[in-house]
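Coordinate inspection notes
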Amino acid sequence: MDGFGSDFSAGGSGGKVDTGTIMEQVKVQIAVANAQELLQRMTDKCFKKCIGKPGSTLDNSEQKCIAMCMDRYMDAWNTVSRTYNSRLQRERARM
């Protein structure tokens, strides 16, 4: 055990790290972080917009407002995501 890399073993590959596996893990972690950020932002914005006086329950108008707010937020997020991904693909195609 003389170095940093001596204890690493990716699936018994003799100490070699599979970069493809690591890249996939990083992509999954980024996707989870993005989903968490989306949920947090949506919750904050819709709560501020729809809940006037926090209490133990939501009345019907607050429930409807929250549902509509979340639907609109998700629609906007999906539109922006599709547009962004489309532009990325076009830029990659130019390279």
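Before reading on, note that the structure itself is shown above.
A short tour of the structure in this document, coming up. Predicted, not measured: the structure shown is a model, and the values here were computed from it. (Residues numbered from 1 in each chain as written. Predicted model: local features only at pLDDT ≥ 70, side-chain atom pairs only at ≥ 80, totals over all residues. Heavy atoms only, no water.)

Let us look at the packing of helix α1 (residues 19–50) against helix α2 (residues 60–94). In contact at an axis separation of 9 Å, α1 and α2 are set at 140 degrees when each is read in the N-to-C sense. What the angle tells us is that α1 and α2 run oblique. For the crossing formed where α1 meets α2, the hand is right-handed. The segment α1 lies against α2, with Leu38, Arg41, Met42, Lys45, Cys46, Phe47, Lys49 and Cys50 engaging Glu62, Cys65, Ile66, Cys69, Met70, Arg72, Tyr73, Met74 and Trp77. Along the lines of polarity and charge, the residues of the contact of α1 with α2 split into 12 nonpolar, no polar and 5 charged. (Axes fitted to C-alpha atoms, helices over the stretch in contact; angles between N-to-C directions. Helix = DSSP H or I, 4+ residues; strand = E, 2+ residues; numbered from the N terminus. Parallel < 35°, antiparallel > 145°, perpendicular 65-115°, else oblique. Left-handed = near helix turned anticlockwise from the far one by under 90°. Contact = heavy atoms within 4.5 Å. Nonpolar A, V, L, I, M, F, W, Y, C, P; charged D, E, K, R; others polar.)

Now for the pattern of salt bridges. According to the stated counting rule, one finds 3 salt bridges in the structure shown. The shortest N-O distance in the salt bridge between Glu24 and Lys27 comes to 3.8 Å. Separated by 3 residues within a single helix, Glu24 and Lys27 lie in helix α1, roughly one turn from each other. Across the salt bridge formed by Glu91 and Arg94, the nearest N and O atoms sit 3.1 Å from each other. Note that Glu91 and Arg94 are positioned in helix α2 at a spacing of 3 residues, about one turn of the helix. Taking relative accessible area as the criterion, Glu91 reaches 42% and is therefore assigned partly exposed. (Salt bridge = Lys/Arg side-chain N within 4 Å of Asp/Glu carboxyl O. Buried < 20%, exposed > 50% of the residue type's maximum accessible area, 1.4 Å probe, protein only.)

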